[in-house]
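Here is how the chains run, residue by residue.
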Amino acid sequence: MTETDHSDMSSSDQPESAAQSSDWSELKDRARNLVDQLESGDSSGVHSAIEELNEARDRNIYLEVGKLTRGLHEAIVNFDLTGSMTTGGDDSDKNESQMTNAQDRLDYVINLTQTAADKTMDMVEEGIPIATELRERSQSLKVDWERLQRREMDPDEFRDLYKRIDQFLVFSGDSSSELSEKLNTILLAQDFQDLTGQVIKRVINLVQDVEERLVELMRVAGQVEELTGIVHSKDNPPMRKEASPIAAEGPQIDTDKEDVVSGQDDVDDLLSSLGF
Amino acid sequence: MKILIVDDFSTMRRIIKNLLRDLGFTNTAEADDGSTALPLLQNGNFDFLVTDWNMPGMTGIELLKAVRADDRLKDMPILMVTAEAKREQIVEAAQAGVNGYVVKPFTAAVLKEKIEKIFERLGS
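Chemist: Lay out the overall build of chain A with the relevant residues and their values.
Modeler: A count of helices and strands for chain A gives six helices and zero strands. Taken from the N to the C terminus, the helices and strands of chain A come in the order α-α-α-α-α-α. Going through the 276 residues of chain A one by one, you find that 4% of them count as buried. Pairs at least 24 residues apart make up 59% of the contacts formed inside chain A by residues separated by at least 6 positions.

Chemist: Kindly report on the overall build of chain B, identifying the contributing residues and their values.
Modeler: Along its length, chain B carries five helices and five strands. Put simply, chain B runs from its N terminus to its C terminus through helices and strands in the order β-α-β-α-β-α-β-α-β-α. Residue burial in chain B is summarised as follows: out of 124 residues, 42% are buried. Within chain B, contacts between residues separated by at least 24 positions form 60% of all contacts whose residues are at least 6 apart in sequence.

Chemist: Residue-level account of helix H6 (residues 264-273) of chain A, with values.
Modeler: Looking only at H6(A), the buried set comprises Gln264(A), Val267(A) and Asp268(A). Viewed end-on, H6(A) has its buried residues packed into an arc of 95 degrees, placing them on one side of the element. Those residues of H6(A) that are exposed and aimed more than 90 degrees away from the buried face are Asp265(A), Asp269(A) and Ser273(A). Buried-residue contacts for H6(A) involve helix H4 (87-96), strand E5 (100-103) and helix H5 (108-123) of chain B. A positive backbone phi angle near 95 degrees is found at Gly275(A), which sits one or two residues after H6(A).

Chemist: Residue-level account of the interface of chain A and chain B, with values.
Modeler: Counting residues at the interface gives 22 residues for chain A and 22 residues for chain B. Sorting the residues of the side of chain A that touches chain B by element identifies helix H3 (98-149) and H6 of chain A as the ones contributing at least two each.

Chemist: Now, about the packing of helix H2 (residues 34-43) of chain B against helix H3 (residues 60-69) of chain B: what can you tell me, with residues and values included?
Modeler: All names here are of chain B. With their axes 9 Å apart at the nearest point, H2 and H3 run at an angle of 25 degrees to one another. Here H2 is positioned roughly parallel relative to H3, judged by the angle of their axes. For the pair H2 and H3, the crossing hand works out as right-handed. When H2 is examined against H3, the residues Gly34, Ala37, Leu38 and Leu41 are found in contact with a partner set consisting of Gly60, Glu62, Leu63, Ala66 and Val67. Split into classes, the residues belonging to the contact of H2 with H3 amount to six nonpolar, two polar and one charged.

Chemist: Give a description of the pairing of E5(B) that names residues and reports values.
Modeler: Residues and elements named next belong to chain B. Both faces of E5 are covered, namely the face carrying Gly100 and Val102 and the face carrying Tyr101 and Val103. Two strands pair when backbone bridges link them, and strand E4 (residues 78-82) and E5 are joined in this way by four bridges, in the parallel orientation. Bridged to threonine 82 within E5 is valine 103. Considered for its hand, the β-α-β crossover made up of E4, H4 and E5 is right-handed.

Chemist: Now, about the sheet that holds strand E1 (residues 3-6) of chain B: what can you tell me, with residues and values included?
Modeler: Residue and element names in this part refer to chain B. In spatial order, the strands read E2-E1-E3-E4-E5; together these five strands make up an open sheet with parallel pairing. Looking at which strands have only one partner, the edges of the open sheet turn out to be strand E2 (28-31) and E5. Averaged over neighbouring strand pairs, the angle between their axes works out to 20 degrees when direction is ignored. Packed onto the sheet, helix H1 (residues 10-22) meets E1, E2, strand E3 (48-51) and E4 and runs at close to 155 degrees relative to E1. Against the sheet, H3 touches E1, E3 and E4, its axis set at about 175 degrees to E4.

Chemist: Report on the nonpolar core, specifying residues and quantitative values.
Modeler: Within the largest apolar cluster, 37 residues are counted, with the highest numbers of intra-cluster contacts made by Leu4(B), Val6(B), Leu49(B), Val50(B), Met80(B) and Val102(B). Filtering out sequence-adjacent residues up to four positions away, Leu4(B) remains in contact with Ala29(B), Ala31(B), Ala37(B), Leu40(B), Leu41(B), Phe46(B) and Leu49(B).

Chemist: Which residues make up the environment of Asp144(A), and what values go with them?
Modeler: If you trace the backbone, Asp144(A) turns up in helix H3. For the pair Asp144(A) and Leu161(A), spaced 17 residues apart in the sequence, the C-alpha separation amounts to 7.3 Å.

Criteria and cut-off values
Residues numbered from 1 in each chain as written. Chains lettered and ligands numbered in written order. Predicted model: local features only at pLDDT ≥ 70, side-chain atom pairs only at ≥ 80, totals over all residues. Helix = DSSP H or I, 4+ residues; strand = E, 2+ residues; numbered from the N terminus. Buried ≥ 20, exposed ≤ 12 C-beta atoms within 10 Å, placed from the backbone. Contact = placed C-beta atoms within 7 Å. Arc of directions from axis to C-beta. Axes fitted to C-alpha atoms, helices over the stretch in contact; angles between N-to-C directions. Parallel < 35°, antiparallel > 145°, perpendicular 65-115°, else oblique. Left-handed = near helix turned anticlockwise from the far one by under 90°. Nonpolar A, V, L, I, M, F, W, Y, C, P; charged D, E, K, R; others polar. Pairing = 2+ DSSP bridges. Right-handed = clockwise from strand over helix to strand, strands pointing away. Core = buried A, V, L, I, M, F, W, Y, C linked by C-beta atoms within 7 Å.

So yeah, pure geometry; function would need other evidence.
Below, the structure written as structure tokens:
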């Protein structure tokens, strides 16, 4: 009945095995009783022994079914992803499933990265013409400045150059501060990295949580199958979705994989091997 | 030279547009997937198509095949600029008749090189 009674059940479900061995020994006792009755030729004793044996077996199954039903119920309840986890039970979020919540979070990531990219490109697009103008004006001044150094300039031209240098000094001062301002804006726009990183981490946690619960659900479902005798043929594994060769997969995270190119050079090699 | 840029992310369209402008191509238009790009191509006198692969609706590879199947468009040079980096995908695109294939993330120099190569080959 106790730990001394070692049955050769698998050790994976240790908590069950003690209870199970007591059930087993009860079954064994009843079976022995049946054999005894059969050997003594007592037909009414045989019948009652068979009945007792049946009862013991049924009780056993009812107990197991009850236990598994509870387990399954708990697993399903745990799997209910509505609200409770992400916001610490905030009532306002109870109506929203965690999956919807995760989608919202990822949408938020897309929005933030989009805003940052737009802001950065706005600044770059505004900054490039300023830089271009600075370069052009300084180049044209340099040409005239060299003419002045070579004393090839008449007084009228010199007065014009004098004015242009004055204007250029004002322009270059203004432009530099404008460019610095734009560079600072670009710098600040990178704050999305921090914010999106945090949000993505929470979504990763959710996915891990879902995975754990799924594994638990599979485990309990597996026990139900074992008990009820549902057998999965090893010859018929679940249909795996074959990736169509032309399906889009998005960025490859692991470029070390054999079927993935490691960069543009690899692409070029592959294409040239195809006659490009 | 009129160029159509097809990508579902506006950021990427904008990057490509700016890089193309730097290369001297200022006449560009944009579409966010194959199904909006195809009618533009059919009505718009475009000379060159730059497309992403992974887009909702009609993907870039479908667009590529549709262009090659269209009598009036079939000779249009097409450059794919995409994060799709599986060998079989690149082979697929090559077999479908792509003229160049650039994997993201890419540099301005790579984009320039591939575009120049395409026009060099077309000119010869």
